[in-house]
Amino acid sequence: MTDSAEHNASPFQSSAHAEDTTDFGYRSVPRGQKKTMVREVFESVAGKYDIMNDVMSLGIHRVWKRIFVGMLNPRPNMKLLDLAGGTGDITFGWLRAGGGPAILSDINAAMLSVGRDRAIKAGLIGKIEVCVVDAEAIPLPDCSVDRVTIAFGLRNCTDKEAVLREARRVLKPGGRFFCLEFSQVEVAALAPIYDMWSFQVLPKMGQI
Ligand SMILES: C[S@@+](CC[C@H](N)C(=O)[O-])C[C@H]1O[C@@H](n2cnc3c(N)ncnc32)[C@H](O)[C@@H]1O
């Protein structure tokens, strides 16, 4: 939701077919370059990410995230690993809903730094570990957390299978993985409006 290039790059609608390329928005880019490109996008927007999310989604991302957090069924005895957690919305939602200790992780230190400041302001920092983590290689032991989340993050990862494998590895037996991501519009009548918003309005807003 922050950038025309990365917006809508659903892993399920990937335009990449060749082995040595991958999706970056609707473009195919060499696999080896995607991480750097994604990093540059989020480093450049970190300070404005939250306001951009509100403006570009007309605030709807807050509703999606509230529903998503409710589905996690947070409990005080459960530990959360929030992958690609950015500025912390899911982690904060989890804690406010009564969840136990949380790891707010992201590959990008600039995004996490905004998240840490928000956590301090909200008085939540005592319950959060903030860690730079590549979701494709999680530095946690097997069977160590109860919930793994990734919100609008999977599409930004180069090796999505590795993310899923790693999430499964670190989950305790009975633990659950939750992914919040863009998908297809289910109400056909809304599709033209959604496409217009995605392809005409968002790219211009992203540039501005
Ligand atoms: C659209 S933001 C989502 C942030 C937050 N989850 C939210 O919903 O507001 C995508 C995040 O994915 C992170 N990211 C990209 N590739 C990653 C990777 N391989 N491992 C961990 N985080 C990654 C970016 O740094 C960025 O913070």
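Scope of this entry: the structure provided in the associated data block.

## Some details on a nonpolar patch on the surface
Now for step 1: Together, Leu58, Ile60, Val63, Trp64, Ile67 and Met71 make up a nonpolar patch on the protein surface, roughly 570 Å² of accessible area in all.
Now for step 2: By the element assignment, leucine 58 lies in the loop between helix H2 (49-56) and helix H3 (60-72).
Now for step 3: On the basis of relative accessible area, leucine 58 is assigned to the exposed category, the value being 60%.

## What to know about the sheet that holds strand E6 (residues 145-151)
Backbone hydrogen bonds hold the strands of a sheet together, and the pairing may be parallel or antiparallel.
Now for step 1: In spatial order, the strands read E5-E4-E3-E6-E7; together these 5 strands make up an open sheet with parallel pairing. Two strands close off the open sheet at either side, each with one partner strand: strand E5 (128-132) and strand E7 (171-180). Taken pair by pair, the neighbouring strands of this sheet meet at an average axis angle of 20°, ignoring direction.
Now for step 2: Of the pairings in the sheet, the one linking strand E3 (residues 80-83) to E6 comprises 4 bridges and is parallel in character.

## Observations concerning the pattern of salt bridges
Now for step 1: Counting across every chain of the model gives 13 salt bridges.
Now for step 2: One salt bridge in this structure joins glutamate 136 and lysine 35, with 3.3 Å as the shortest N-O distance. With glutamate 136 in the loop between E5 and E6 and lysine 35 in helix H1 (residues 31-45), this residue pair connects regions lying 101 residues apart in the sequence.
Now for step 3: Of the residues examined, glutamate 136 reaches a relative accessible area of 16% and is grouped as buried.
Now for step 4: Salt-bridge contacts for arginine 118 lead to aspartate 89; the nearest nitrogen and oxygen are separated by 2.9 Å. Pair noted here: arginine 118 is in helix H5 (residues 109-121) and aspartate 89 is in helix H4 (residues 89-96), with a separation of 29 residues, a long-range link.
Now for step 5: On the basis of relative accessible area, arginine 118 is assigned to the partly exposed category, the value being 27%.
Now for step 6: Overlapping salt bridges bring together Asp50, Lys65, Asp89 and Arg118 as one network.

## Comments concerning the packing of H3 against H4
Now for step 1: Axis separation between H3 and H4 bottoms out at 9 Å; the angle between their running directions is 50°. Relative to H4, the element H3 is oriented oblique. Like other packed secondary-structure pairs, H3 and H4 cross with a definite hand, here right-handed. Counted together, His61, Lys65, Phe68, Val69 and Leu72 of H3 and Asp89, Ile90, Gly93 and Trp94 of H4 form the full contact between these two elements.
Now for step 2: Residues belonging to the contact of H3 with H4 are distributed by class as follows: 5 nonpolar, 2 polar and 2 charged.

The rules behind each value
Residues numbered from 1 in each chain as written. Predicted model: local features only at pLDDT ≥ 70, side-chain atom pairs only at ≥ 80, totals over all residues. Heavy atoms only, no water. Patch = residues over 30% accessible without salt bridge, like charges linked within 9 Å, V, L, I, M, F, W, Y side chains within 5 Å. Areas by Shrake-Rupley, 256 points an atom, 1.4 Å probe, with all protein chains shown as cover. Salt bridge = Lys/Arg side-chain N within 4 Å of Asp/Glu carboxyl O. Helix = DSSP H or I, 4+ residues; strand = E, 2+ residues; numbered from the N terminus. Buried < 20%, exposed > 50% of the residue type's maximum accessible area, 1.4 Å probe, protein only. Pairing = 2+ DSSP bridges. Axes fitted to C-alpha atoms, helices over the stretch in contact; angles between N-to-C directions. Parallel < 35°, antiparallel > 145°, perpendicular 65-115°, else oblique. Left-handed = near helix turned anticlockwise from the far one by under 90°. Contact = heavy atoms within 4.5 Å. Nonpolar A, V, L, I, M, F, W, Y, C, P; charged D, E, K, R; others polar.

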